[in-house]
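Next come the chains, spelled out residue by residue.
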Amino acid sequence: PFPFILDIEITTNCYGPANKLCGFCYKNNNPNGHNMTLEQFKNIIDKMPWLTQCALGADAQGVTNPEMYDMMAYARSKGIIPNLTIADVSEEVAGKLAAVAGAVAVSVYHHAGFDVAFDSVARLAAAGMKQINFHYMISEKTIDRAYDVIKAMQTDPRLVGKINAIVFLSLKQKGRGVKYDYVTQEQYKALVDHCIENEVPFGFDSCSAAQFLE
């Protein structure tokens, strides 16, 4: 009767990958955001002992909430696996994440330069991170470059054998995302067909479930 996975926003303070804010961020995160405290995090976790995983909403670099790793360690102490999404990871952060995270998703977007994400994957893999995914938000403005990322997954030595799957995220027309438009069903089907035909492991968020089923 209870959910097993909790998404929990531990900060709205973000500078964006390569210090370039994502123009489609539905949460409108920016450098003037706020951090959740460790005590607030513990209070939430302690009320949900049935959880198996928690997905942390962090900043692009995984640095703006100084208590983030204490939160992840606390979740582990309760038998709850912490996962998170980032976009621009240093070697130091990659090492910290590999030590405590179950899985890490790397957001990959052209506005910051694909190398930012590709290098982040390489650093995470070198640090021993076992499950790394790509997160890619699809919209009218971004879907064409998704094919470039898929090709890189199959050819770029920083990525080959290191990416578990590319996860396509649905556009949310909120926050800064109001300036973006949804893809058509035909565009979405072409992308899915391309992944299937080329044996590219992929996934999607719950917001895309109806579109995928269709």
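Here the structure is a predicted model, which is why all the values come from computation and not from measurement. (Residues numbered from 1 in each chain as written. Predicted model: local features only at pLDDT ≥ 70, side-chain atom pairs only at ≥ 80, totals over all residues. Heavy atoms only, no water.)

1. Quick word on the nonpolar core
- Residues Phe41, Leu84, Leu97, Leu124 and Phe134 are the most contacted members of the largest nonpolar core, which totals 65 residues.
- With sequence-adjacent residues up to four places away left out, Phe41 is seen in contact with Ile8, Ile10, Met36, Cys54, Leu56, Met71, Tyr74 and Ala75. (Core = buried A, V, L, I, M, F, W, Y, C linked by side-chain atoms within 4.5 Å. Buried < 20%, exposed > 50% of the residue type's maximum accessible area, 1.4 Å probe, protein only. Contact = heavy atoms within 4.5 Å.)

2. Details of the pattern of salt bridges
- Evaluation of the coordinates by the stated rule reveals nine salt bridges.
- With its nearest N and O atoms 3.2 Å apart, the salt bridge here joins Lys27 to Glu9. You can see Lys27 sitting in the loop between strand E1 (5–9) and helix H1 (38–46) and its partner Glu9 sitting in strand E1, a full 18 residues away along the chain.
- Assessed through its relative accessible area of 28%, Glu9 is described here as partly exposed.
- Arg158 is the partner of Asp115 in a salt bridge, and the nearest nitrogen-oxygen pair spans 3.0 Å. Of this pair, Asp115 sits in helix H4 (residues 114–126) while Arg158 sits in the loop between helix H5 (143–155) and strand E6 (165–170), and the two are 43 residues apart along the sequence.
- A cluster of three or more residues bridged by salt bridges with shared partners is formed by Asp115, Asp119, Asp156 and Arg158. (Salt bridge = Lys/Arg side-chain N within 4 Å of Asp/Glu carboxyl O. Helix = DSSP H or I, 4+ residues; strand = E, 2+ residues; numbered from the N terminus.)

3. Focus: the sheet that holds strand E5 (residues 132–138)
- Ordered by their spatial adjacency, seven strands build an open sheet running E1-E2-E3-E4-E5-E6-E7, and the pairing between neighbours is parallel. Each end of this open sheet is capped by a strand with a single partner; those strands are E1 and strand E7 (202–204). Recorded for the sheet is a direction-independent mean angle of 25° between the axes of neighbouring strands.
- Pairing between E5 and E6: six bridges, direction parallel. (Pairing = 2+ DSSP bridges. Axes fitted to C-alpha atoms, helices over the stretch in contact; angles between N-to-C directions.)

4. With respect to the confidence of the model for the protein
- Of the residues in the protein, 100% reach a pLDDT of 70 or more, and the chain-wide mean stands at 95.
- Put simply, helix H7 (residues 209–213) is where the protein has its lowest mean pLDDT, 92, and H4 is where it has its highest, 98. (pLDDT = per-residue confidence, 0-100.)

5. Describing the layout of surface pockets
- Of the pockets and cavities examined, the largest pocket occupies roughly 1200 Å³.
- Looking at the largest pocket, it is lined by 44 residues, and the ones nearest its centre are Tyr26, Lys27, Thr85, His135 and Leu169.
- Listing elements by their share of the lining of the largest pocket, those giving two or more residues are E1, strand E2 (53–57), strand E3 (81–86), strand E4 (104–107), E5 and E6.
- Tallied by class, the residues present in the lining of the largest pocket amount to 25 nonpolar, 12 polar and seven charged. (1 Å grid on protein atoms, 1.4 Å probe; cavity = no way out; pocket = protein on both sides within 12 Å on 5 of 7 lines; lining within 4 Å. Points joined across faces, edges and corners; volume = space filled by probe spheres on them. Nonpolar A, V, L, I, M, F, W, Y, C, P; charged D, E, K, R; others polar.)

6. Here's the deal with the pairing of E3
- Examined bridge by bridge, E2 and E3 share five bridges and lie parallel to one another. When the bridges of E3 are listed, Cys54 appears paired with Pro82.
- Bridge count for E3 against E4 is three bridges, and the pairing is parallel. Residue Thr85 lies in a different strand from E4, and its bridge partner there is Ala105.
- Taken together, E3, helix H3 (residues 91–100) and E4 form a β-α-β motif whose crossover is right-handed. (Right-handed = clockwise from strand over helix to strand, strands pointing away.)

7. Examining the environment of Lys179
- Mapped onto the elements, Lys179 comes out in the loop between E6 and helix H6 (185–197).
- When the C-alpha positions of Lys179 and Ile163 are compared, they lie 30 Å apart, and in sequence the two are 16 residues distant.

8. Notes on empty space enclosed by the protein
- Counted by the stated rule, this structure contains one cavity of 30 Å³ or more.
- Of the volumes computed, that of the largest cavity is approximately 40 Å³.
- Pro17, Ala87, Ser107, Val108, Tyr109, His111, Ala112, Gly113, Val116 and Ala117 are the residues that line the largest cavity.
- Among the residues making up the lining of the largest cavity, the classes are represented as seven nonpolar, three polar and no charged.

9. A look at the side chain of Thr11
- Inspection of the secondary structure assignment puts Thr11 in the loop between E1 and H1.
- A residue is classified by how much of its surface remains accessible, and Thr11, at 2% relative accessible area, is buried.
- Polar side-chain contacts of Thr11 include one of 3.4 Å to the side chain of Thr64.
- Leave out the neighbours within four places in its chain, and Thr11 touches Asn29, His34, Asn35, Gly57, Ala58, Asp59, Thr64 and Asn65. (Polar contact = N/O pair within 3.5 Å; in protein donor to acceptor, adjacent residues only side chain to side chain.)

10. Some details on helix H2 (residues 68–77)
- For H2, the full list of buried residues reads Met68, Tyr69, Met71, Met72, Tyr74 and Ala75.
- Trailing H2 by a residue or two, Gly79 shows a phi angle of about 80°, which is positive.

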